[in-house]
Structure formats: structure tokens, C-alpha cells
Amino acid sequence: MASLGHEVIAVDIDSQKIALFNQDVVPFFEPGLTELLSKVKKSNLTFSTNFSDISECDIHFLCIGTPQSEDGLQADLRALESAFNSVIEIAQPGSIIVGKSTVPVGTAERFAVTLNKSHPEVLLNWNPEFLREGHAIADTLKPNRIVIGARTEQEAEKLANFYREISPEVPLFITNFATAELVKVAANAFLATKISFINAMSEVADATGADVSLLADAIGADDRIGRKFLGAGIGFGGGCLPKDIRAFLARADELGLSESLQFLREFDLINQRARVRAVAMALKELGAPKGKKVAVLGAAFKPDSDDVRDSPALEIAETLHTLGAHVVVHDPRALESAAEKIPELTYSNSIEETLTGADLTMHLTEWTNYRDLDPMIIRKLVNIPTIFDGRNVLDATKWQSAGWKLLALGRAL
Ligand code: UGA
């Protein structure tokens with residue numbers, strides 16, 4: 001928003017994060033963000049821990065995480081509620097509060113009732129966020145749709161005009177609150193469904209000798225189906241897809257609609273099973289894991305991110321370590337966050353060191369630099385040239401002709 005010329009004040013209660021931003025340091029990895037921030041006029045973007053600094057703003061975006069609760073499947077809305085209450089305190093008449101967070105359907109209406117009681121002249125809109133980590137800038141500047149939920153079409157107009165100026169060509173949907181909230185969770189549930197569907201096919205492929213990658217290419221060639229998000233492997237992780245389908249299930253239970261979303265429960269299980277299948281394949285190869293070295297390439301839940309929340313790669317690495325293997329983990333960006341989460345593992349920022357003497361190599365996050373490795377050269381580093389491709393992106397012919405044994409889920413290799 002600041003790079004487009006708006007005056008933006010970013011507030012967070014985490015004073016450490018704000019201090020870093022104030023020193024022009026982005027406290028997480030997102031490609032291009034540091035460069036973009038360095039181009040923004042200083043007067044257009046300031047950072048603060050103080051809600052009173054945003055009292056004059058016309059639009060208040062609530063961009064608060066809604067993680068899974070510690071004691072169940074439902075979303076934990078405490079941070080969002082706290083931020084909402086702080087913003088209500090300072091919002092001026094005529095301003096708009098815009099929820100971007102992913103929330104259980106019904107939340108916006110509940111917030112609107114609260115707001116209406118104390119500040120009837122402040123509007124609430126719900127404007128779900130669809131950006132992907134690793135593509136945050138492009139997805140923000142060129143989203144494929146904008147959804148604004150409001151009580152009436154007229155109440156959405158101010159925000160709609162704001163977006164029309166920025167992205168006139170982007171389809172804009174004005175909906176009621178429930179639809180806006182549901183578009184977000186339904187989109188993530190659909191993406192999770194596609195991934196778990198192909199991983200279910202991968203289980204069938206393993207039992208029958210079929211090849212899930214070719215299967216995905218062939219069914220994906222039908223443009224009614226599409227090839228995107230049919231990448232079989234160790235499944236989805238991160239701070240969104242897993243917790244969003246669980247929160248959706250929890251909300252459906254509350255609404256008496258458990259049966260309607262029963263399939264999501266199954267897809268969550270398929271997703272978790274992919275990690276178990278990867279560990280089983282590693283153990284089959286290693287025999288007794290004690291004393292064996294496993295090189296793990298990748299810790300982040302996906303490439304171009306340093307996020308390790310619910311990362312399949314890190315969970316597989318941790319399980320192999322718990323079973324007695326000597327696991328060394330490499331990642332171009334996520335080592336710090338991984339070490340913070342699972343300090344027991346050995347981490348290395350050198351691919352060479354990670355691979356040296358390995359009895360098994362596990363390729364678990366598809367960073368391009370792993371795809372670009374020369375299998376002929378790195379073969380000399382390892383003890384046994386066997387690699388498990390957890391993301392089905394390595395060129396099988398290239399690796400096999402360099403003398404590697406290639407393993408993958410659901411592939412006839
Ligand atoms: C996801 C959605 O794609 C965004 O639209 C949404 O805004 C975001 O959640 C959110 O709710 O905030 P993100 O979690 O950044 O974005 O990552 P994705 O690109 O969706 O990938 C999620 C996981 O699925 C990753 O672990 C990835 O490796 C895995 N995946 C993806 C597969 O296993 N196979 C595929 O074919 C594609």
C-alpha cells in the first residue's frame with residue numbers, strides 16, 4: 001500500500017518486530033520484500049507499537065493470525081479479538097475496519113454487532129486475504145480476485161473504490177459477511193482437497209505399480225481439472241491449509257453440519273499419512289536407523305519461505321532423528337526458525353557438509369537450488385547414493401543416469 005503511494009502506519013504489539021522494521025530489517029523471509037521496502041518513501045510507511053498512532057487512519061486493516069487452538073481443531077481468535085477491541089477504541093467516525101484474517105463463518109457478524117453498539121458510525125468490512133507465502137508481493141499487487149463482505153452493498157463501496165483505483169482489472173465480488181468468510185476457507189479447503197486427492201491416488205499407485213506423477217499430468221491436462229495443486233508427495237503444511245481445514249471442520253460441527261465436511265477429515269488424515277509413508281520408505285532403505293546419517297534437504301513448509309509451521313519436511317526429519325538416525329538438515333532460509341522449533345536436530349548451512357557421508361538423502365522442500373544440484377558431482381560426497389524425492393520434482397533420468405537410486409511415493413521408478 002505504501003509503495004502505491006498511500007500513507008501507511010503498521011502497528012504490532014511485538015516490539016521486537018517493530019524495532020527491526022524501524023531498522024529496515026524484515027524479520028521474516030519473503031522474496032523481494034526488503035527491496036520493495038527500501039524503495040518506499042519513509043514518510044509513507046511508519047511502524048509503531050502504539051494504537052493511538054493510527055487513530056487518524058481512514059482504513060484499519062486487521063491482518064492478525066488465527067492459528068489452531070492448543071486444545072482443539074478450532075481457530076484461536078484471541079489475538080484478533082484483542083486487536084479488534086484496541087482498534088475500536090481509537091477508530092474515528094467514518095473510518096472502516098477491514099478484517100483480512102481467516103475466520104470461522106459468523107465472526108464478522110459478531111464483530112459488527114459489537115462495533116454497532118459502541119461506534120455505529122464506524123464500518124466493518126470483511127476482505128479475506130488470498131496471498132501465498134513466497135509470492136506475497138505479486139499476489140497483493142495483482143490478486144486474482146478481491147472479495148469484500150459487508151452488511152449492505154453500500155457499506156462496501158468505500159473499500160471497493162479504494163481497490164478499484166489500485167487494481168481496476170481485478171474481479172471484485174461484493175458479498176455478505178458469511179460469503180466473504182466462506183470464500184476464503186472454501187478456497188483453502190479446495191486446494192487441500194486437490195493435494196490430498198492426488199496423495200490418495202499416490203497410495204493406490206504404490207499398491208498397483210502406477211505412476212502418480214504421470215497420472216497427475218494426464219488428468220491435469222483436462223482443463224476442467226487442471227494440473228496445479230496436483231503435486232503429490234509429502235503433502236501440505238504451513239500456517240494455513242492444515243489449520244484452516246480443521247477450523248472449518250470445527251465450525252461445521254458447531255453448525256450441526258459435520259456430515260457436509262466429513263471428507264475434509266479424511267483429507268487431513270491422507271495428508272498426515274503422506275509423512276508417515278515417507279518415514280516408512282526411509283526406514284525400509286536404511287534398515288536399523290541407529291548410526292546412519294540422513295541428509296535432509298529442506299526444512300521450510302514450502303520453498304521461498306522461512307516458515308516451518310506444520311512443515312512436513314521438519315516433521316519427517318524430527319521423526320527420523322527420534323528413531324535414532326543422525327539427521328542433518330539444510331535449508332537456504334529456514335534454519336533459524338527450524339532450530340528454534342526443534343533444537344535437537346543438527347542443522348547445517350552447507351549443502352556439502354549436509355550430504356557428506358550420508359546413507360540416505362531426503363529431498364523434502366523443493367527449493368530450486370536442490371533441483372539444480374549436479375547429481376554426478378554430489379554423488380562423490382555421500383556414502384550411499386540414494387535420494388528420496390518427497391516433492392516429485394527431481395529429474396529422474398538425470399539422477400538415475402548419474403548412478404543414484406531414486407525413491408518417491410506413488411512412483412514406478
Ligand atoms: C495458502 C493458499 O494457497 C493461499 O491462497 C492462502 O492465502 C494462504 O494459504 C492463507 O490462507 O494465508 P500458503 O500456505 O502460502 O498459501 O501455501 P501454498 O502455496 O498453498 O502451499 C501449501 C502447502 O501445500 C505447502 O506445504 C506445499 O508444499 C503444499 N503443496 C502445494 C503440495 O503438497 N502439492 C501441491 O501441488 C501444491
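Residues numbered from 1 in each chain as written. Predicted model: local features only at pLDDT ≥ 70, side-chain atom pairs only at ≥ 80, totals over all residues. Heavy atoms only, no water.

Draft legend 1. Broad picture of the sheet that holds strand E11 (residues 360-363). Pairing is parallel across the open sheet formed by six strands, whose spatial order is E10-E9-E8-E11-E12-E13. With partners counted over all chains shown, the strands left at the sheet margins are strand E10 (346-348) and strand E13 (405-407), one partner each. Each strand of the sheet is rotated relative to its neighbour by a mean of 25°, with strand direction disregarded. The sheet contact formed by strand E9 (residues 326-330) and E10 spans three bridges and is parallel. Looking at the pairing, histidine 330 lines up with serine 348 of E10. (Pairing = 2+ DSSP bridges. Helix = DSSP H or I, 4+ residues; strand = E, 2+ residues; numbered from the N terminus. Axes fitted to C-alpha atoms, helices over the stretch in contact; angles between N-to-C directions.)

Draft legend 2. Region of interest: the packing of aromatic side chains. One pass over the full model with this rule turns up eight aromatic pairs. Ring plane angle 45° and centroid distance 6.4 Å describe the contact between phenylalanine 61 and phenylalanine 162, whose orientation is recorded as tilted. On the criterion of sequence distance, the pair formed by phenylalanine 61 in strand E3 (residues 59-62) and phenylalanine 162 in helix H6 (residues 153-166) is long-range, its members being 101 residues apart. On the basis of relative accessible area, phenylalanine 61 is assigned to the partly exposed category, the value being 27%. Overall, the relative accessible area of 15% leaves phenylalanine 162 in the buried class. Centroid distance tryptophan 399 to tryptophan 404: 5.1 Å. Interplanar angle 70°. Geometry classified as edge-to-face. Judged by relative accessible area, tryptophan 404 falls into the buried class, the value being 4%. Taken together, the ring pairs in this structure connect Phe21, Phe28 and Phe47 into an aromatic cluster. For arginine 145, the ring lying beneath its charged end belongs to phenylalanine 130, and the centroid distance is 3.7 Å. (Phe/Tyr/Trp six-rings, centres within 6.5 Å; stacked < 30°, edge-to-face > 60°. Buried < 20%, exposed > 50% of the residue type's maximum accessible area, 1.4 Å probe, protein only. Lys NZ or Arg CZ within 6 Å of the ring centre and 35° of its normal.)

Draft legend 3. Highlighting the packing of helix H9 (residues 241-254) against helix H10 (residues 262-286). Viewed as axis vectors pointing N to C, H9 and H10 meet at an angle of 155°, and their least axial separation amounts to 10 Å. As summarised for this structure, H9 and H10 are arranged roughly antiparallel, according to the angle between their axes. By crossing handedness, the relation of H9 to H10 is classed as left-handed. Mapping the contact onto sequence places Ile245, Arg246, Phe248, Leu249 and Asp253 in H9 and Leu264, Arg265, Asp268 and Gln272 in H10. Residue classes in the contact of H9 with H10 are distributed as four nonpolar, one polar and four charged. (Parallel < 35°, antiparallel > 145°, perpendicular 65-115°, else oblique. Left-handed = near helix turned anticlockwise from the far one by under 90°. Contact = heavy atoms within 4.5 Å. Nonpolar A, V, L, I, M, F, W, Y, C, P; charged D, E, K, R; others polar.)

Draft legend 4. View of the nonpolar core. Ranked by internal contacts, the top residues of the largest apolar core, which has 46 residues, are Val327 and Met362. With five residues, the single largest contributor to this core is helix H11 (residues 312-322). Contacts of valine 327, omitting those with residues within four sequence positions, involve Val294, Val296, Ala317, Leu320, His321, Leu345 and Thr346. Ranked by size, the runner-up nonpolar core spans 27 residues in total, among them Phe51, Leu62, Val87 and Ala180. (Core = buried A, V, L, I, M, F, W, Y, C linked by side-chain atoms within 4.5 Å.)

Draft legend 5. Expanded view of the state of the cysteines. Under the definition given, this model contains zero disulfides. Here cysteine 57 stays free of any disulfide, with the sulfur of cysteine 63 as its closest cysteine sulfur at 12 Å. A residue is classified by how much of its surface remains accessible, and cysteine 57, at 17% relative accessible area, is buried. (Disulfide = S-S within 2.5 Å.)

Draft legend 6. Region of the structure containing the side chain of lysine 100. With respect to the helices and strands, the residue lysine 100 is situated in the loop between strand E4 (96-99) and helix H4 (107-118). The exposure class of lysine 100 is buried, given its relative accessible area of 12%. A polar side-chain atom of lysine 100 sits 2.8 Å from a polar atom in the side chain of asparagine 127. Within the structure, lysine 100 has its side chain in polar contact with the side chain of glutamate 129 (distance 3.4 Å). Not counting residues up to four positions away in its chain, the partners in contact with lysine 100 are Phe61, Leu62, Cys63, Asn127, Pro128, Glu129 and Tyr163. (Polar contact = N/O pair within 3.5 Å; in protein donor to acceptor, adjacent residues only side chain to side chain.)

Draft legend 7. Up close: the packing of helix H3 (residues 78-90) against H4. Where H3 contacts H4, the two axes come as close as 11 Å, and the packing angle between them is 25°. If you check the angle between H3 and H4, you find them roughly parallel. For the pair H3 and H4, the sense of crossing is right-handed. In this structure, H3 uses Leu80, Glu81, Phe84 and Ile88 to contact H4, whose residues at the interface are Arg110, Phe111, Thr114, Leu115 and Ser118.

Draft legend 8. Structural view of the site of the ligand. Surveying the vicinity of the ligand reveals 21 residues, the closest of which are Phe130, Leu131, Glu133, Asn188 and Gly231. One nitrogen or oxygen atom from the side chain of arginine 391 is found 3.1 Å from an oxygen atom belonging to the ligand. For the ligand, whose accessible area on its own is 720 Å², the fraction buried by protein is 88%. Elements represented by at least two residues in the shell around the ligand include exactly helix H7 (177-208) and H9. Of all the elements, H7 adds the most residues to the shell around the ligand, at four residues. (Near = heavy atom within 4 Å. Areas by Shrake-Rupley, 256 points an atom, 1.4 Å probe, with all protein chains shown as cover.)

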